[in-house]
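Tertiary structure, described
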Amino acid sequence: MEQNTQMSTIAVLDFGSQYSHLIVRRIRELGVHAELLRPDTSAEVLAKYAGIVLSGGPQNLSESRALKADPNIYTLGLPILGVCYGLQLIAHQLGGTVRAGDKREYGPVRVALSSAGKLFKGLSKEELTWMSHGDQVTKTPKGFSVTGKSDACPIVAIENVERGIYGIQFHPEVKHTEHGMVVLQNFLNISKAKKTWNLGKNWIEAQVEGIKEKVGSSRALCALSGGVDSTVASYLVHRAIGKQLTCIYVDTGMMRQGETEQIKKTFAKLPNLDFRVVDAETEFLKALKGVSEPEKKRKVIGELFIRLFEKESKKLKGVNFLVQGTLYTDVITSGVSVGGKASVIKSHHNVGGLPKDLKFKLIEPLRDLYKDEVRLIGKDLGVPEAIVQRQPFPGPGLAVRIIGEVTKEKLDTLRSADAIFREELIASGEAKKIQQYFAVLPDIRSVGVQGDARTYGHPIILRAVTTSDFMTADWARIPHELLAKVSARITNEVAGINRVAYDITSKPPATVEWE
Ligand code: XMP
């Protein structure tokens, strides 16, 4: 990145909080570019930024392994804001003390604030904030004053106005902190970072020009999944190079009702696009025959997808570029910096996850963006609303929502039940409150009675979750009347289904999907 852009960028050092990305997003919402960086990023690198935020993190400073910032960042003369662990780190590194508090503060906490500096400008003397900490600062470093306290914690905010260093125990980035955005805006004002983050037409035009130049007279290829990311990426590249772009959609037969038709319709509308559909339902069903182990299913689907995509791409001449809908969150995995290898819960298969040896150069126009930013761009590019607002959908599709072996019959049953659930949630307005919802077909049967006769059918399980990042999730509290309506419709309208259950498990301990 150019020095000039960095000068107006805020560096957020990631100490492993689940909210680190959220800090970056909030700063961007305020029109300033922000980047998430490793916690040990050197002061030399950070000197080029407009300001530094030290994120929260799960560690205790009493442990010698606890992550620290480069101590030289405090003498760069840059404004610094420490949040939660970040506050404790400032205190610890500059000569104050941090100890385990008597009481943990978790959730909403009222704090009394009084600052000589401008960090709390426009705020009341008492504010509602959101906290999550056990440790607390017990002695401020020399030259710092205490600017906030709560009932359980005498030091919830500190500042050294002269040095531009501020620390707060509460999280300004979460919505539960009533005026968190004001605090962040005040910090941006202190930092004098320029408002350069504007995702409007200019951003699109700059990308289009860049892609045109990069591709020249060559050709580019895109694997479409029908999801937001690959669709927006291909719309953008198409705007730049028109018919030099080929989009390939592999129809696995594992999509939801009406989805493949919608994708075909959407892309047929783009003029001068080489759009190819590979109808591979039969091949996928054949490959999945007898496979019931979830990881095996994912592997079979992922590998067949790649094979078909490669076969199709070999038919094309002069293609040097591959378009991928990689997002900022794919590039920078929060917490990676904290070290340690996470255990594999599920091997995600993404259309974007094509093998490296495909011998293409990559075009990843969305790699600086978050999902909600991609949605804004998609809207500006004219991507249909249904795709822009589309829920996440796993790469292996309905195969991981059918427990046990996947068959055409089961897919059709699941599709019908899923469509009813979706239709009713949308019609009732409940869908707007829920981030993901779908039906699952388990591999069990139960006895029922329909029309005075015994049935021995399958149940359908409904799953609906509220979540901000899909890392954790809660089951959605759908009104009982609505569940009753969905249940009645599914058992009446979908052959072979005689029971409907609603999944009331959060993540953890469950995951969002059943496989
Ligand atoms: P889990 O089930 O792990 O799901 O709690 C979290 C989110 O990820 C989606 N998901 C996938 N997305 N490829 C994807 O692109 C996959 O293989 C995959 N598996 C799960 C899931 O729908 C949820 O939104």
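The residue numbering used here restarts from 1 in each chain and proceeds along that chain's sequence as written. The model is predicted, so local features are restricted to residues of pLDDT at least 70 and side-chain atom pairs to those at 80 or more, both for listing and for counting; the totals for chains, interfaces and linings are taken over all residues. Just so you know, side-chain values use all the structure's heavy atoms and leave hydrogens and water out.

The next point concerns the overall build of the protein. Note on conventions: DSSP H or I runs of at least 4 residues are helices, E runs of at least 2 residues are strands, and numbering of each starts at the N terminus. What the protein contains, in helices and strands, is 15 helices and 19 strands. Relative to its length of 515 residues, the protein is compact, with a C-alpha radius of gyration of 26 Å against a globular reference of 24 Å. Here the C-alpha coordinates of the protein stretch approximately 75 × 65 × 40 Å along the principal axes. Under the scheme applied here, a residue whose accessible area is under 20% of the maximum for its type counts as buried, over 50% as exposed, and between as partly exposed, the area being computed with a 1.4 Å probe on protein chains only. Here the protein holds 515 residues, and the buried ones make up 53% of them. The long-range share in the protein, meaning contacts at least 24 apart out of those at least 6 apart in sequence, stands at 77%. All accessibility values rest on the Shrake-Rupley procedure with a 1.4 Å probe; residue burial counts only the protein chains present in the view. Carbon and sulfur atoms make up 51% of the accessible area of the protein, which amounts to about 24,100 Å² in all. Positive charges come from Lys and Arg alone, negative charges from Asp and Glu alone, with His and the N- and C-terminal ends not counted. Where a charge lies is defined by one atom per residue type: Lys uses NZ, Arg uses CZ, Asp uses CG and Glu uses CD. Averaging the coordinates of the 69 positive side-chain charges in the protein and doing the same for the 58 negative ones gives two points 2 Å apart. The globule rule used here is 2.2 Å times the number of residues to the 0.38 power, and the radius of gyration it is set against is calculated over C-alpha atoms. Between two residues, a contact is recorded if the distance between any of their heavy atoms is within 4.5 Å.

Most of strand β1 (residues 9–13) is tucked away, with 5 of its 5 residues classed as buried. Because side chains alternate across β1, one face comprises the buried residues Thr9, Ala11 and Leu13, and the other comprises Ile10 and Val12, equally buried. Remark: the β1/helix α2 (residues 20–29)/strand β2 (residues 33–37) crossover connection has right-handed handedness. Bridging between β1 and strand β3 (residues 51–54) involves 4 bridges; their strand directions are parallel. Bridge pairing in β3 places Ala11 opposite Ile52. The definition of a right-handed crossover adopted here requires that, viewed with the strands pointing away, the path from the first strand over the helix to the second runs clockwise. Paired strands are those between which DSSP finds at least two bridges.

What the 5 strands build is an open sheet, ordered β12-β11-β10-β13-β14; its pairing is parallel. Bordering the open sheet on either side are β12 (274–279) and β14 (361–363), each of which pairs with just one other strand. Across the sheet, the mean angle from the axis of one strand to that of its neighbour is 30 degrees, orientation sign disregarded. Sheet analysis places strand β10 (residues 219–224) next to strand β11 (residues 245–251), joined by 5 bridges and oriented parallel. Pairing of Ala223 across the sheet is with Ile248, part of β11. Axis geometry follows a simple rule: fit a line to the C-alpha atoms, using only the stretch in contact for helices, then measure angles between N-to-C directions, giving values from 0 to 180 degrees. Seen against the sheet, helix α7 (residues 228–241) touches β10, β11, β13 (319–323) and β14 and runs at an angle of roughly 160 degrees to β10. Running over the sheet, helix α10 (residues 294–314) touches β10, β11, β12 and β13 and is turned about 145 degrees from β11.

Time to look at the environment of Val374. Tracing the chain through its elements places Val374 in helix α12 (residues 371–381). Sequence separation between Val374 and Ala233 is 141 residues, and the spatial gap between their C-alpha atoms is 8.8 Å. In contact with Val374, not counting residues within four places along its chain, are Val228, Asp229, Val232, Leu327, Leu366 and Leu369.

Moving on: the environment of Val512. Tracing the sequence through the fold places Val512 in the segment after β19 (497–502). Residue classification places Val512 among the buried positions, given a relative accessible area of 6%. Residues Val512 and Thr491, 21 residues apart in the sequence, show an inter-C-alpha distance of 24 Å. When residues no more than four places from it in sequence are discounted, the contact partners of Val512 are Gln436, Phe438, Arg463, Val465, Ala473 and Lys507.

Right, let's talk about the packing of aromatic side chains for a bit. Stacked, edge-to-face and tilted are the three classes for Phe, Tyr and Trp ring pairs, Trp counted by its six-membered ring, which pair at centre distances within 6.5 Å; planes under 30 degrees apart are stacked, over 60 edge-to-face, the rest tilted. Counted according to the given criterion, the structure contains 9 aromatic pairs. Between Phe15 and Tyr85 the ring centres are 5.6 Å apart and the planes differ by 50 degrees, which places this aromatic pair in the tilted class. Separated by 70 residues along the polypeptide, Phe15 in the loop between β1 and α2 and Tyr85 in helix α4 (residues 85–93) bring together distant segments of the chain. Exposure remark for Tyr85: the relative accessible area of 1% places this residue in the buried category. Considering the side-chain rings of Tyr106 and Trp130, the 5.6 Å spacing of their centres and the 65 degrees angle between planes classify their relative orientation as edge-to-face. Linking Tyr106 in strand β5 (residues 97–113) with Trp130 in strand β6 (residues 126–139), this pair joins segments that are 24 residues apart in sequence.

This paragraph deals with the packing of helix α6 (residues 201–215) against α7. Look at α6 against α7: their axes get within 8 Å of each other, and the N-to-C directions meet at 65 degrees. The element α6 and its partner α7 pack so that their crossing is right-handed. Each of Trp203, Ile204, Gln207, Val208, Ile211, Lys212 and Val215 in α6 lies in contact with α7, whose residues at this interface are Leu236, Val237, Arg239, Ala240 and Ile241. Each residue is assigned to one class: nonpolar for Ala, Val, Leu, Ile, Met, Phe, Trp, Tyr, Cys and Pro, charged for Asp, Glu, Lys and Arg, and polar for all the others, Gly among them. A class-by-class count of the residues in the contact of α6 with α7 yields 9 nonpolar, 1 polar and 2 charged. Helix crossings are classified by the rotation of the near helix relative to the far one: an anticlockwise turn of less than a right angle makes the crossing left-handed, while a clockwise turn makes it right-handed.

A few words on the side chain of Thr231. With respect to the helices and strands, Thr231 occurs in helix α7. By relative accessible area, Thr231 is classed as buried at 0%. Any pair of nitrogen or oxygen atoms within 3.5 Å is treated as a polar contact; in protein, a donor-acceptor pairing is required on top of that, and neighbouring residues in sequence qualify only through side-chain atoms on both sides. A polar contact is formed between the side chain of Thr231 and the backbone oxygen of Gly227, at a distance of 2.6 Å. The residues contacting Thr231, other than those within four sequence positions of it, are Leu224, Gly226, Phe267, Val383 and Ile387.

The subject of this paragraph is the confidence of the model for the protein. On average, residues of the protein carry a pLDDT of 93, and 95% of them reach 70 or more. Within a predicted model, pLDDT stands for the predictor's per-residue confidence, ranging from 0 to 100. In the predicted structure, residues 336–342 sits below a pLDDT of 50 and forms 6 contacts with residues beyond four places in sequence or in another chain.

With that settled, consider empty space enclosed by the protein. The pocket and cavity definitions rest on a 1 Å grid over protein atoms only: a 1.4 Å probe that fits but cannot leave marks a cavity, an open set with protein on both sides within 12 Å along at least five of seven lines marks a pocket, and residues lining either have an atom within 4 Å of a point. Grid points are joined across faces, edges and corners, and a volume is the space filled by probe spheres set on the points. Summed over the entire model, instances satisfying the criterion amount to 1 cavity of 30 Å³ or more. By volume, the largest cavity is sized at about 30 Å³. Along the walls of the largest cavity sit Leu113, Leu123, Glu127, Leu128, Thr129, Phe170, Thr177, His179, Gly180 and Val183, which together make up its complete lining. Taken together, the elements giving at least two residues each to the lining of the largest cavity come down to β6 and α5 (180–191). Here the lining of the largest cavity gets 3 residues from one element, more than from any other, and that element is β6. Broken down by class, the residue content of the lining of the largest cavity amounts to 5 nonpolar, 4 polar and 1 charged.

Let us look at the domain arrangement of the protein. Domain annotation for the protein reports domain 1 (3–191), domain 2 (201–388) and domain 3 (401–502). The C-alpha centroid of domain 3 is placed 44 Å from the C-alpha centroid of domain 1. Here the limits of each domain have been adopted from an automatic or database domain assignment.

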